[in-house]
Structures are given as structure tokens and as C-alpha cells.
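# Results of the structural survey
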Amino acid sequence: MSARRVVVTGLGAVSPLGNDVASTWDGIIHGRSGIGPVTHFDTEGFTTKIAGEIKDFDPTKWINPKDARKMDEFIHYGVAASLMALEDAGLTIDDSNAERVGAIIGSGIGGIVGIEETSIKFHEGGARKISPFYVPSTIINMLPGQVSLITGAKGPNFSAVSACATSNHSIGMAMRMIQHGDADVMIAGGAERGSSPTSMGGFCAMKAMSTRNDDPEGASRPWDEGRDGFVLGDGSGILILEEYESAKARGARIYCELVGFGASSDAYHMTAPSENGEGPARCMAAALKDAGLNAEDVQYLNAHGTSTPLGDLAETLAIKRAFGDHAYKMMVSSTKSMTGHLLGAAGGLEAILSIKALETDIIPPTINLHNPSEGCDLDYVPLTARETPVDVVVSNGFGFGGTNGTLIFKRI
């Protein structure tokens, strides 16, 4: 069977840089950082005291107040971004199309805030203090479930959960659903609210996060010799994917075509990347093969680029392995330098930023990159955005467990 073409017709975002796509993109192209001191809880005793928190977000702008109380914050972010994306796509879900519209939206750790709060209530007051909404407010698949309940979408509905590759895999699997005729429209991406005490405490215990607490805006510094770990970020990134012919028939504004998806596993270590980048390289190569493209066709790659000493070098080696000599000719940048790492939502937001680069011919910068460390010798678009035409862009997402996901978008 000849695969159906898949295009992107809507974008929605909640990020440390703003509560919509426009403000987020404005922050990105102007090199602003969304990182600051943690305000959600007392960080006394934590080695890391900074994060990319969501600011001035009101879920009731998008969700009925009564229903909002039954949702963890990551669901708030994901539902809001999904409704923004549907609005952006100009798509109405009704009896004529509901069974052909689905949602695959994931999260890396889901309702950890609600789990923590309920655990405290149980410890202090026993079982009677546990809310009947505890389970449905915190489980990950209730994010696409709530989107379905609110919009009436009756197509395939589930979550992909693969740590920091969650959104990449969600978008890739949604693409496959459309290609193989299981749906005509898919709402896809991820959401996260990871800046909670036990989540941050766990990453602190692993010594995975930056401790540059006195310089929050300079803490996320991919490929720089001064990098000392990632910075946590919260938010959501959602795409509306549609079958090309039906999108064209309804007169939809089409951002680009999603032409390639690759997935692989390192089979190497629980948390560390494969040292030579072999696993991610296979993932990128698979995405190129799926897209029917050569390495030379790619002009820009939005890297996983977390600002960890091991990860940044491993990804650089992976890019060289996958793209050969062309790795030195294309642009590579990490928008995590500005947003922090949104864990399961990272790939959703970064897909949006990659698409905006295609739409505007503006390449996001890697801020805070002053002195690339040894072995990090690609064109990382340091410090300031760059205006240059691009036709094909790649977005990477890698996660704990050695899981990898790569998406390729093309101008249409």
C-alpha cells in the first residue's frame, strides 16, 4: 500500500518563554532564556534551584473550572496546547469527521505533582483523604483522553511514553496512523510538569542537572565547555497532523509535510548515551530512509542538545556518523538553551520550533555557547539566530533507556 502523505496544519504551545506559539517563537529568535529560580516549592537542600517554569498560565481560559480541578497540571498544559493547535488549524470536529480524528499525546512522568500531593494527604490523614479524581487526574493517557472528551474526537486515542523521546514517538506514531488509513487527522505531541520536589530531587541525586543557580539564564549551555548538566523545563507542544489531500480539500493552511520518522534503541545503559553515538545515528539514518532523502538534503537539525557533558558530545558524534561530511555543512542548534529540557514534552515543542524555522527561514540560536568543548565542532548557530533559506529540517529526541526518535519536516 502506498503511504498517504502527512502534513502539519496546526501548532499549539505552552512553554517557559510564553503560553502560546507566537510568544515562544519571539523569545526563541531573540535568544531569550525562560530559566529562573524555582517558585513552586522551597528548594532548601536541593543542589539545583532553577527551572523553566510556566508563568501566568490560567487553565480556565481553555478548560471549564470544574473540569480543570480534576486534572493535574501537565494535563492543563497539554489540553490548552491541543485546543490552540486545533484553533490554529481552523479545524472543527463534528459528527462528519469525529471518528477520523484521533490523539496520541504523551508525557515522560505525567502527574507526579498530583502523586506527591496525594501521598502527603494520605500520610497525614489516611485513605479518606484520597480524592476520587486522584487516578484519572494523574495517569498519562488521560491527557489525550481529556482532549477527546472536550473536542469529541473519536479516533485512535492513547499515549506513547518513552522518557524524553515521548513527543517524537507520539508524533511519529500519529504520522503512521494517518499513512496507513487509521485516521485522517491526529492531535500529537506531549506535555510535562516535571518541576516537582521529588522529580527535581531525583535528578539532583543523579547529578544530572546544572547547579549554576546564580546564573539561571546562562545555566543551559549545550556544547559549551562550561556546561554542567541540563535545566528542567515545563510545558507542552502539540501538532495537528492531517492527510494531505483532505487538508488541501478543506482549504487548510499547511505549514509543511512530515516526511520521515525513525526510532531506535542504544541497548547500552539506563541513562547514559552510547559513547560513539551509534544508536541515535541509526535513528537519524532510519528517518532519512523513511523520508526518501539523502543527508545532503538537510539544512538544519534541532538537536536533543540537553547541555550534559556526555550527551552533547555523543549527539555530535551521532550526527557525524549519520550525515558524514555533510554534518559540517548543515546548521545544528539546541533550543533547550532557552527553554530548558521539557522531558516528555521536549520533542513536541522542538518540532514546532523546527517547523517555524521552515516557515520563517530563521534558524534558532544556541545561546550561552561561547567556547565549544573538545569534539564539539559543528555549526551550532551560536548566540544569535540566523536568517537563511531552509527546505528540510530534522528534530531529534533521545530518552532514558536508550530510546531515540527523529522527525523530518519538509517544505511543501
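Computed from a predicted structure; not experimentally measured.

### Looking at helix α11 (residues 309-323)
Spanning 15 residues, α11 covers 22 Å between terminal C-alpha atoms, matching the ideal 21 Å at 1.5 Å per step. For α11, every residue scored as buried is listed here: Gly 311, Asp 312, Ala 314, Glu 315, Thr 316, Ala 318, Ile 319, Lys 320, Ala 322 and Phe 323. Lining the buried residues of α11 we find α10 (278-291), β9 (300-302), β10 (331-333) and β13 (392-399). Gly 324, located one to two residues past α11, shows a positive phi value of around 60°.

### Considering the packing of aromatic side chains
For any pair of aromatic rings, the description consists of the separation of the ring centres together with the inter-plane angle of the planes. Applying the stated criterion across every chain yields a total of 5 aromatic pairs. Centre to centre, the rings of Trp 223 and Tyr 380 are 4.1 Å apart; their planes meet at 15°, and the pair counts as stacked. With Trp 223 in the loop between α8 (197-205) and β7 (235-243) and Tyr 380 in the loop between β11 (362-363) and β12 (386-387), this residue pair connects regions lying 157 residues apart in the sequence. For the pair Trp 223 and Tyr 380, one class covers both residues: buried. Taken together, the ring pairs in this structure connect Phe 203, Phe 230 and Phe 400 into an aromatic cluster. A cation over an aromatic ring shows up here: Arg 5 above the ring of Tyr 244, its NZ or CZ 4.4 Å from the ring centre.

### Observations concerning the environment of Asp 325
By the secondary structure assignment, Asp 325 is in the loop between α11 and β10. Using a relative accessible area of 64% as the deciding quantity, one classes Asp 325 as exposed. Once the C-alpha coordinates of Asp 325 and Gly 347 are considered, the two residues, 22 residues apart in sequence, prove to be 26 Å apart.

### Looking at the nonpolar core
Leu 239, Leu 241 and Phe 409 are the most contacted members of the largest nonpolar core, which has 44 residues in total. Each residue touching Leu 241, except ones within four places of it in the same chain, is listed here: Val 6, Val 7, Val 8, Ile 171, Ala 174, Met 175, Ile 178, Asp 184, Val 185, Met 186, Ala 188 and Leu 258.

### Quick notes on the pairing of β7
Counting buried residues along β7, 9 of its 9 residues qualify, which places the element largely inside the surrounding structure. Because side chains alternate across β7, one face comprises the buried residues Gly 235, Gly 237, Leu 239, Leu 241 and Glu 243, and the other comprises Ser 236, Ile 238, Ile 240 and Glu 242, equally buried. Across 8 bridges, strand β1 (residues 6-14) lies against β7 in antiparallel orientation. By the bridge assignment, Val 7 is partnered in β7 with Glu 242. Both strand β6 (residues 185-192) and β7 contribute to a ladder of 8 bridges, which runs antiparallel. Across the sheet, residue Ala 188 finds its bridge partner in β7, namely Leu 239.

### Here we look at the environment of Gly 262
Position of Gly 262 among the secondary structure elements: in strand β8 (residues 256-265). Taking the relative accessible area as the measure of exposure, Gly 262 reaches 2% and is therefore buried. Sequence separation between Gly 262 and Met 284 is 22 residues; the distance between their C-alpha atoms is 6.2 Å. If we ignore the near neighbours within four places in the chain, the residues touching Gly 262 are Cys 283, Ala 286, Ala 287, Asn 404, Gly 405 and Thr 406.

### Some points on the layout of surface pockets
To locate leftover empty space, one rolls a probe as large as a water molecule over the atoms. Of the pockets and cavities examined, the largest pocket occupies roughly 690 Å³. Forming the walls of the largest pocket are 35 residues, and the residues nearest its centre are Thr 271, Pro 273, Thr 306, Thr 308 and Phe 400. Of all elements in the fold, only α11 and β13 reach the threshold of two or more residues within the lining of the largest pocket. Take the lining of the largest pocket: its biggest share by element is 6 residues, from α11. Tallied by class, residues from the lining of the largest pocket come to 17 nonpolar, 14 polar and 4 charged. If you go around the second largest pocket, you meet 17 residues; those closest to its centre are Arg 69, Asp 72, Gly 114, Glu 117 and Ser 137. Of the residues in the lining of the second largest pocket, the class split is 5 nonpolar, 5 polar and 7 charged.

So, how was this worked out
Throughout, residues of each chain are indexed from 1 in the direction in which the sequence is written. Selection of residues for local features in this predicted model requires a pLDDT of at least 70, selection of side-chain atom pairs for listing and counting requires 80 or more, and totals for whole chains, interfaces and linings are taken over all residues. Just so you know, side-chain values use all the structure's heavy atoms and leave hydrogens and water out. Each helix is a run of H or I in the DSSP string that is no shorter than four residues. Each strand is a run of E no shorter than two, and both are numbered from the N terminus. Residue count minus one, scaled by 1.5 Å, sets the expected span of a helix. Buried means the residue's accessible area, taken with a 1.4 Å probe over protein chains only, is under 20% of the maximum for its type, while exposed means over 50%, and partly exposed covers the values in between. Only heavy atoms matter for contacts: two residues are in contact if any of them lie within 4.5 Å across the pair. Only Phe, Tyr and Trp rings take part, Trp by its six-membered ring, and two of them pair if their centres are within 6.5 Å. Stacked means planes under 30 degrees apart, edge-to-face means over 60, and tilted covers everything else. Think of it as a cone above the ring: NZ of Lys or CZ of Arg counts as a charge over the ring if it is within 6 Å of the ring centre and within 35 degrees of the ring normal. Nonpolar core, defined: a set of buried Ala, Val, Leu, Ile, Met, Phe, Trp, Tyr and Cys residues in which side-chain atoms within 4.5 Å join the residues together. Pairing between two strands requires that DSSP report at least two bridges joining them. Method remark: on a 1 Å grid restricted to protein atoms, a set of points is classed as a cavity if a 1.4 Å probe fits but cannot get out and as a pocket if it is open with protein on both sides within 12 Å along at least five of seven lines; lining residues have an atom within 4 Å of a point. Grid points are joined across faces, edges and corners, and a volume is the space filled by probe spheres set on the points. Residue polarity is assigned by list, with Asp, Glu, Lys and Arg as charged and Ala, Val, Leu, Ile, Met, Phe, Trp, Tyr, Cys and Pro as nonpolar; anything else, Gly included, falls into the polar class.

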